[in-house]
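Descriptive analysis of the structure
These are the residues of each chain, in order.
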Amino acid sequence: MILTGSCMCGKIKYQADAEPAVKAVCHCLNCQKFSGSAFTTNFIIPRSSFKVLSGTPKSGKYMADSGFEYHTFFCGDCGSSLYGQPDSLPDMMSIKAGSLDNGAAKLEGGKIDVEAFIERRVAYLKPLQDASQVTGMIQA
């Protein structure tokens, strides 16, 4: 499966040739801050399948609850969050599903596999049907 994505202004484009190993919603406080929302939706893929096609994303990092650094990548012009690379999973990365092109985040025929950090889920959201509910971080 070829996944393509970009930032809102189109200056950064990427591609991954991979079937997501896990489709996850993360309710951690860092994802809430990074997205400006109550959660992020992530497609976890092998890093080796991913490449930036154009543009140069800016990056930041923080100490995740895992005790390892998590590297975030985003567009420095429009601010779109694009992907992340956790040091705790050196062979995997997380594409922010909202950055996928052509509505690929819609998950046609698919579903979210897991919700992480459910202890930090905001009160107005309910658990996703058929998704595993995990306290803390998932292991891909």
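Residues numbered from 1 in each chain as written. Predicted model: local features only at pLDDT ≥ 70, side-chain atom pairs only at ≥ 80, totals over all residues. Heavy atoms only, no water.

Selection criterion: UniProt positions are given in the numbering used here, feature names are shortened, and annotations may be inferred rather than shown by experiment.
An unreviewed UniProt entry lists the protein chain under the name Glutathione-dependent formaldehyde-activating enzyme/centromere protein V, from Penicillium patulum. UniProt annotates the protein chain under Sequence similarities (unreviewed entry) with the comment "Belongs to the Gfa family."

1. A few points about the sheet that holds strand β8 (residues 81-86)
Put simply, the rule is: In this scheme, strands are said to pair when DSSP sees at least two bridges between them. What counts as a helix is a DSSP run of H or I of at least four residues, what counts as a strand is a run of E of at least two, and both are numbered from the N terminus.
Spatial strand order, β6-β7-β8-β9-β4-β3-β10-β11: eight strands in an open sheet with mixed pairing. A strand with exactly one partner marks an edge of an open sheet, and here the two such strands are β6 (58-63) and β11 (132-133).

2. A short note on the side chain of Thr72
To be explicit about the condition: Exposure categories follow from relative accessible area, calculated using a 1.4 Å probe and restricted to protein chains: below 20% of the type maximum is buried, above 50% is exposed, and the middle band is partly exposed. Here, residues are in contact when the closest pair of their heavy atoms is within 4.5 Å.
Relative to the helices and strands, Thr72 resides in strand β7 (residues 69-74). Thr72 sits in the buried class, given a relative accessible area of 7%. Not counting residues within four places of it along the chain, the set of residues in contact with Thr72 comprises Phe34, Lys58, Ser59, Gly60, Lys61, Tyr62, Tyr83 and Gly84.

3. Points about the nonpolar core
Quick note on the threshold: We define a nonpolar core as any set of buried Ala, Val, Leu, Ile, Met, Phe, Trp, Tyr and Cys residues linked to one another through side-chain atoms lying within 4.5 Å.
Membership of the largest hydrophobic core comes to 17 residues, with the highest contact counts inside it found for Leu3, Ile45, Phe50, Ile95 and Leu100. Of all the secondary structure elements, the ones that give two or more residues to this core are β2 (13-17), β4 (40-46), β8 and β9 (92-96). When near neighbours in sequence (up to four residues on either side) are disregarded, Leu3 contacts Tyr14, Gln15, Ala16, Ala18, Pro20, Phe43, Ile45, Ile95 and Leu100. Judged by nonpolar contacts, the second largest core, of twelve residues, contains Val22, Cys26, Cys31 and Met92.

4. Side note on the sheet that holds strand β5 (residues 50-54)
Put simply, the rule reads: Fitted lines through C-alpha atoms serve as axes, helices being fitted only where they are in contact, and the angles separating the N-to-C directions of these axes extend from 0 to 180 degrees.
Reading across the sheet, the three strands line up as β1-β2-β5 and stay open at both edges, with antiparallel pairing between neighbours. Two strands close off the open sheet at either side, each with one partner strand: β1 (2-6) and β5. Averaged over all neighbouring strand pairs, the angle between strand axes comes to 25 degrees, with direction disregarded. Pairing of β2 with β5, which is carried by four bridges, proceeds in the antiparallel orientation.

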